[in-house]
Amino acid sequence: MAHDIPPPGEAGPGTPNLPERVSGDEPLLAARVHRPSDLMRLLIGVLAIALVLAIAAFAHGTTSGLEQDINKGAGGAPDVFVKIAGLASSIAVLLVPVAFAIERLVKRDGLRIADGVLAAVLAHGVTLATDLWVARAAPGTIQDALTQPQSGGGLTDPVHNYLAPVIAYMTAVGMARRPRWRVVLWVVLLLDAFTMLVAGYTTAFSIILTVLIGWTVAYGTLYAVGSPNVRPTGQTLLAGLRRVGFKPVTALRAEGVPESADSGDRGRRYIVTLEDGPPLDVTVVDREQQAHGFFYRAWRRITLRAVTTRRSIVSLRQALEQEALLAYAAIAAGANAPKLIATSELGPDAVMLVYEHLGGRTLDSLDDEEITDDLVRSAWRQVKALQSRRIAHRRLAGDAILVDRSGRVILTDLRGGEIAAGDLVLRMDIAQLLTTLGLRVGAERAVAAAVEVLGPDAIADCLPLLQPIALSRSTRAELRRLARERSKREREAVLAASEAAKEARAEARAQANLAPDRKVARAEKQADKKAEKRALDEALDEAREEDLLAQIRQQVLLIRPQAPVEPVRLERIKPRTLVSLIAGAVAAYFLLSQIARTPLSTVSEADWRWVAAAVLFSAISYLAAAMSLLGFVPERVGFWRTVVAQVAGSFVKIVAPAAVGGVALNTRFLQRSGVRPGLAVASVGASQLFGLGAHILLLLAFGYLTGTEKSQSFTPSRTVIAGLLTVAVLVLVVTAIPFMRKFVSTRLRSLFAGVVPRMLDVLQRPLKLITGIGGMLLLTGSFVFCLDASIRAFGHGDATISYASVAVVFLAGNALGSAAPTPGGVGAVEGALTVGLVTIGNLPLEVATPAVLLYRLLTLWLPVLPGWICFNWLTKREAL
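Fair warning: this is a prediction, and the values are worked out from it, not measured in the lab. Throughout this document, residue positions are counted from 1 along each chain, in the order its sequence is written. Owing to the predicted nature of the model, reporting of local features is limited to residues with pLDDT of at least 70; listing and counting of side-chain atom pairs is limited to 80 or more, with chain, interface and lining totals taken over all residues. Working from all heavy atoms in the structure, the side-chain values ignore hydrogens and water.

Caption draft 1: Broad picture of the overall build of the chain. Each helix is a run of DSSP H or I of at least 4 residues and each strand a run of E of at least 2, with the numbering of both proceeding from the N terminus. When helices and strands are tallied, the chain shows 32 helices and 10 strands. Between buried and exposed lies partly exposed: a residue is buried under 20% and exposed over 50% of the maximum accessible area for its type, with that area taken using a 1.4 Å probe on protein chains only. For the chain, buried positions account for 47% of its 880 residues. Two residues qualify as a contact provided that any one of their heavy atoms is within 4.5 Å of a heavy atom in the partner residue. The contacts in the chain between residues at least 6 apart in sequence include a share of 77% that link residues at least 24 apart. Computed with the Shrake-Rupley method and a 1.4 Å probe, the accessible areas treat only the protein chains shown as cover for residues. Accessible surface, the chain as shown: approximately 44000 Å² in total, 63% of it carbon and sulfur.

Caption draft 2: Seen up close, helix H8 (residues 204-225). Given a helix with a known number of residues, its expected span is that number minus one, times 1.5 Å. Here H8 spans 32 Å end to end across 22 residues, near enough to the 32 Å set by a 1.5 Å rise per residue. With respect to burial, H8 is a largely interior element, 16 of its 22 residues being buried. Downstream of H8 by one or two residues, Gly226 has phi in the positive range, about 90°.

Caption draft 3: Quick look at the packing of aromatic side chains. Each Phe, Tyr or Trp ring, with Trp reduced to its six-membered ring, pairs with another whose centre is within 6.5 Å; inter-plane angles below 30 degrees give stacked pairs, above 60 give edge-to-face pairs, and intermediate values give tilted ones. Applying the stated criterion across every chain, the model contains 4 aromatic pairs. On the basis of an interplanar angle of 35° and a centroid distance of 5.4 Å, the ring pair of Phe617 and Phe785 is categorised as tilted. With a gap of 168 residues between them, Phe617 in helix H22 (residues 608-630) and Phe785 in helix H28 (residues 766-795) connect regions that are remote in the sequence. Classification of Phe617 by relative accessible area gives partly exposed; the value is 22%. The class of Phe785 is partly exposed, set by a relative accessible area of 36%. Throughout this description, the term charge over a ring refers to an Arg CZ or Lys NZ atom that lies within 6 Å of the ring centre and within 35 degrees of the ring normal. Cation over ring: Arg253 sits above Tyr270, and NZ or CZ is 5.9 Å from the ring centre. The cationic tip of Arg792 hangs over the ring face of Trp610; the distance from NZ or CZ to the ring centre is 5.4 Å.

Caption draft 4: Looking closely at a nonpolar patch on the surface. Each patch groups residues whose relative accessible area exceeds 30% and which form no salt bridge, using 9 Å between like charges and 5 Å between nonpolar side chains of Val, Leu, Ile, Met, Phe, Trp and Tyr. Put simply, a salt bridge is a Lys or Arg side-chain nitrogen that is within 4 Å of an Asp or Glu carboxyl oxygen. A cluster of nonpolar side chains, contributed by Leu118, Leu122 and Val225, occupies part of the molecular surface with about 210 Å² of accessible area. Mapped onto the elements of the fold, Val225 is located in helix H8.

Caption draft 5: Region of the structure containing the pattern of salt bridges. Here the structure, examined in full by the defined rule, presents 17 salt bridges. A salt bridge links Arg440 to Asp368, with the nearest nitrogen and oxygen atoms 2.7 Å apart. Here Asp368 lies in the loop between strand S8 (360-362) and helix H13 (373-388) and Arg440 lies in helix H14 (residues 423-441), a separation of 72 residues in the sequence. Among the ionic pairs, Arg394 bridges to Glu418, the shortest N-O distance being 3.0 Å. Of this pair, Arg394 sits in the loop between H13 and strand S9 (401-404) while Glu418 sits in the loop between strand S10 (409-411) and H14; the two residues are 24 residues apart in sequence, bridging distant segments of the chain. Judged by its relative accessible area of 26%, Glu418 falls in the partly exposed class. Here the residues in one salt-bridge network are Arg269, Arg395, Asp399 and Asp413, joined through shared partners.

Caption draft 6: Structural detail: the packing of H14 against helix H19 (residues 548-559). Two elements in contact, H14 and H19, have axes whose closest approach is 10 Å; the angle formed by their N-to-C orientations is 105°. Taken together, the axis directions place H14 and H19 in an arrangement best described as roughly perpendicular. For the pair H14 and H19, contact is made by Leu434, Thr435, Gly438 and Leu439 and by Leu548, Leu549 and Ile552, respectively. Each residue is assigned to one of three groups, with Ala, Val, Leu, Ile, Met, Phe, Trp, Tyr, Cys and Pro labelled nonpolar, Asp, Glu, Lys and Arg labelled charged, and all others, Gly among them, labelled polar. Partitioning the contact of H14 with H19 into residue classes produces 5 nonpolar, 2 polar and no charged. To define axes, lines are fitted to C-alpha atoms, for helices over the stretch in contact only, and angles between the resulting N-to-C directions are given on a 0 to 180 degree scale. The scheme is simple: roughly parallel for angles under 35 degrees, roughly antiparallel for over 145, roughly perpendicular for 65 to 115, oblique for anything else.

Caption draft 7: A look at the sheet that holds strand S7 (residues 350-356). Pairing in this open sheet of 5 strands is antiparallel, and the strands run S3-S4-S5-S7-S6 from one edge to the other. The sheet terminates laterally at strand S3 (248-253) and strand S6 (340-345), the two strands that pair on one side only. Ignoring strand direction, the axes of neighbouring strands in this sheet form an average angle of 25°. Along the sheet, helix H9 (residues 234-243) makes contact with S3, strand S4 (268-274), strand S5 (280-286), S6 and S7, crossing S3 at roughly 135°. In the packing of helix H12 (residues 316-332) onto the sheet, the strands contacted are S5, S6 and S7, and the crossing angle to S7 comes to about 15°. Pairing between two strands requires that DSSP report at least two bridges joining them.

Caption draft 8: Molecular detail of the side chain of Asp413. Relative to the elements of secondary structure, Asp413 occurs in the loop between S10 and H14. What makes Asp413 buried here is its relative accessible area of 11%. Here Arg269 takes part through its side chain, which lies 2.6 Å from a polar atom of the side chain of Asp413. In protein, a polar contact requires one atom able to donate a hydrogen and another able to accept it; more generally it is a pair of N or O atoms within 3.5 Å, and residues adjacent in sequence count only if both atoms are side-chain atoms.

Caption draft 9: Inspection of the pairing of S7 at higher detail. Within S7, 6 of the 7 residues are buried, which leaves the element mostly enclosed by the surrounding structure. As paired elements, S5 and S7 share 7 bridges and run antiparallel to each other. Its bridge partner lying in S7, Asp281 is registered against Tyr355. Here S6 runs beside S7; their pairing, made up of 5 bridges, is antiparallel. Bridge pairing in S7 places Ala342 opposite Val354.

Caption draft 10: Here's a closer look at the side chain of Asn666. Mapped onto the secondary structure, Asn666 falls in helix H24 (residues 658-672). Here Gln646 takes part through its side chain, which lies 3.0 Å from a polar atom of the side chain of Asn666. Setting aside residues no more than four positions away along its own chain, Asn666 makes contact with Leu629, Gln646 and Val684.

Caption draft 11: Structural view of the sheet that holds S10. The 3 strands are arranged S8-S9-S10 in an open sheet whose pairing can be described as antiparallel. Edge positions in the open sheet fall to S8 and S10, since each of these has one partner strand only. Sheet twist, expressed as the mean angle between neighbouring strand axes with direction ignored, is 30°. Here 3 bridges tie S9 to S10, and the two strands are oriented antiparallel to one another. Pairing of Leu402 across the sheet is with Ile410, part of S10.

Caption draft 12: Local environment of the pairing of S9. Residues Ile401 and Val403 of S9 are buried on one face, and the alternating residues Leu402 and Asp404, pointing to the opposite face, are buried as well. As defined by bridge partners, S8 adjoins S9 across 3 bridges and the pair is classed as antiparallel. Within the sheet, the bridge partner assigned to Gly360 lies in S9 and is Asp404. Between S9 and S10, which pair antiparallel in sequence order, lie 4 residues; one of them, Gly407, sits at a positive phi of approximately 90°.

Caption draft 13: Representation of the packing of H28 against helix H31 (residues 845-861). As a packed pair, H28 and H31 sit with axes 8 Å apart at the nearest point and diverge in direction by 135°. Put simply, H28 runs oblique to H31. The two elements H28 and H31 cross, and the hand of that crossing is right-handed. For the pair H28 and H31, the contacting residues are Phe783, Cys786, Leu787, Ser790, Ile791, Ala793, Phe794 and Gly795 in the first and Val847, Pro850, Ala851, Leu854, Tyr855, Leu858 and Thr859 in the second. Take the far helix as your reference; a near helix turned counterclockwise from it by less than a right angle gives a left-handed crossing, and one turned clockwise gives a right-handed crossing.

Caption draft 14: Highlighting the nonpolar core. To form a nonpolar core, buried Ala, Val, Leu, Ile, Met, Phe, Trp, Tyr and Cys residues must be joined to one another through side-chain atoms within 4.5 Å. Counting 54 residues, the largest nonpolar core has Trp380, Leu434, Ile459 and Ile552 as the members making the most contacts within it. For this core, the elements supplying multiple residues, two or more each, are H12, H13, S9, S10, H14, helix H15 (443-454), helix H16 (456-461) and H19. With sequence-adjacent residues up to four places away left out, Ile552 is seen in contact with Leu434, Thr435, Ala443, Val447 and Leu466. Residues Ala614, Val809, Leu811 and Val847 belong to the second largest nonpolar core, which totals 30 residues.

Caption draft 15: Up close: the confidence of the model for the chain. Overall, the prediction assigns the chain a mean pLDDT of 75, with 67% of residues at 70 or greater. No element of the chain has a lower mean pLDDT than helix H2 (residues 60-74), at 57, and none a higher one than H13, at 94. For residues 256-264, every residue scores under 50 in pLDDT, and the model assigns this stretch 26 contacts once sequence neighbours within four places are set aside. Low pLDDT, under 50, characterises residues 708-717; the predicted model gives this stretch 16 contacts beyond four residues in sequence or across chains. Confidence of the predictor at the level of single residues is captured by pLDDT, which takes values from 0 to 100.

Caption draft 16: Quick look at the environment of Val166. Structurally, Val166 can be placed in helix H6 (residues 163-172). Along the backbone, Val166 and Val121 are 45 residues apart, and their C-alpha atoms lie at a distance of 9.7 Å.

Caption draft 17: Expanded view of unusual backbone geometry. In this structure, Asp413 takes a positive phi of about 55° despite not being glycine. Notably, Ala420 is not glycine yet its phi reads approximately 55°, a positive angle. For Ala420, the location among the structural elements is in the loop between S10 and H14.

Caption draft 18: Representation of the environment of Phe783. Secondary-structure assignment places Phe783 in helix H28. Placed 28 residues apart in sequence, Phe783 and Leu811 show a C-alpha to C-alpha distance of 9.5 Å. Those residues within four positions of Phe783 in sequence are excluded, and the remaining contacts are Ser621, Phe810, Tyr855 and Thr859.

Shown next, in the form of structure tokens:
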């Protein structure tokens, strides 16, 4: 729809990637497609099966009462009727699938029959596995809900081995989509279920579970192997055009039209030539293309507020009517939009929309010099025309803006638009177009043209919506790509400045060694170091670039200094918050289950002397944390205020992931203490990097000692050797695979770019270095002794383990907690520590569980209130 048709055999200028001529059926259509709808039905079926089993397991009274009611109601049925119905249903349940298979084979649809047979085989296997599980391992309540006792002893089958395969077969072959066969199918199934219930051979839950297993396995099979592709071919398109009065000659697939990630449901584009008259642009939308991006749209609908999202599932009829309405409304508003001249269905699974042919190129395909200020203003005038009638486009990306040969701007892809749109959605359109044009012509030109056409107030009002979440998916991807390029340029500039500073310092050092006056040489060294710092800061400042959205904000604020810039909250829930909630729920369940298993007598019999010792070691950890931070800060920062900041970190740690909250707080604290932002980040990075190295070395050292403590020779255990070999293999794999090696080296380079100069400053101050290293060792030791004291508090001297084993358990658990998405590593740390104490230290579970809970209480939960007080105190004094 975005290309001119050149004469046969010629490629028109400005028409890249002209598709091949297609007449009749299109080639290269996939024979099978994996439908998202099949996956959704599979997931729904799995959830329904889990729900039925949960009801059977926990609602025993309800299930038994339901069985009694059914047996009482069915007891009055005449025996003759029951026997005749049973015989008829038993025969029909086998004959109906065979009859349908014969009918499909006559119509040469054998692939569907093959899918049905595969689904039936898999369903039979699932039913056998379910029967085996219920008979041997399932709880008694589930067995009672799914089986009936027999007169000769034994129980009925929990799941019917012949009924589930039949249901899977009939679902996979598509009998439910044919009205007559569907009626026959349900009559047979209901009759068979009724006779089995009356005869006492099954239960209601058994029938429900059988139906769900057959249904779920069928859709799982269809999604795995794919469904036959029912997309309309070129021949179907030509026939559909003839039905609405056109005389098509050829249909050319417009493959040159870009398909972005967030617009894959726009349909297939064709350029159709007619026997007489101008060509046509035809869009074909089928159910498969409409489902493209369904999960992304569903996720957006869950996480974003309803006013900013559109429906995840829209029928073909609704899509057809919406696009037709938008096309007519846009033209009525005075905007340049494709003129819709016909619509039609192409069978039950596709529709087509016929437009007048538009010759031109998209904004994305234009060169930068071709995008003039007049063209930019013309694009804004089209948006102004739409917004004058409160029409929102909802996807003003570069491939939705068409420029014809005369320079006229045309807005296409109106299907996702909205009639009678609210102010928020209209302002989102302005923010999107500002970003789209800014990516091509820069922020200054994009804002100037927008202000000229829409006025400064309308542009200023969209600033709160100028955020990535409000933009299209393709635009966000482009902004991320530009951000990576900016970061790369900044790293390269800092590295170049660092290398230049090293060379200058080497020359200065050589001159200082030749100088006769040592005082002069020392003064020159100090001057060289200051010059190196200035060079690095200047290089970083020169290389730092504002992102496009920040540039647009600055341009608008130059015109309207009082414009609101605080972003509007569009997200209903953030992905990280959702993950934290789920992980937190799992962690809470784990903790509550552990607490429930701990008898009150265990707590009352604790040795309170060791509890007091654990409290003391927990308090010492904050002094150690302050030392480990200040050891990598050459500037003068108050020690006790740093201790208070570490206590405040206990509050921050519980509301953010463990690996994130502390870093952000320490960086902010150093900046407020007078350390320059770049140096504050480098100091915290150096502390974290050195801490990571020390953590790994201590883990290896104590792991080695743990493996040798029970043997006469100083030889590590096989477990330690296996662990070291595993780490070595992983390192070799990372270094051997090019893209993984590049990924790791890029991030290490960016880390060392700022950290290495900072480490050099620290190395020249031995006292600072000793403070940092000592603080890290003291921090690890205080946590190890706190955990050991917690163990001794409940072990009463009988159940204790060596300090090396406690250190290994703590270091491994702390590493897992830092990687966990939950605040403070809740759940992950408790589980790792408990498992470690039981497996490595051979502690009984009744000692390990309360010891871990006491340790976490002292190091995580009790410091929250003092941390909150310290956080507020530092905030009031502008130290945070």
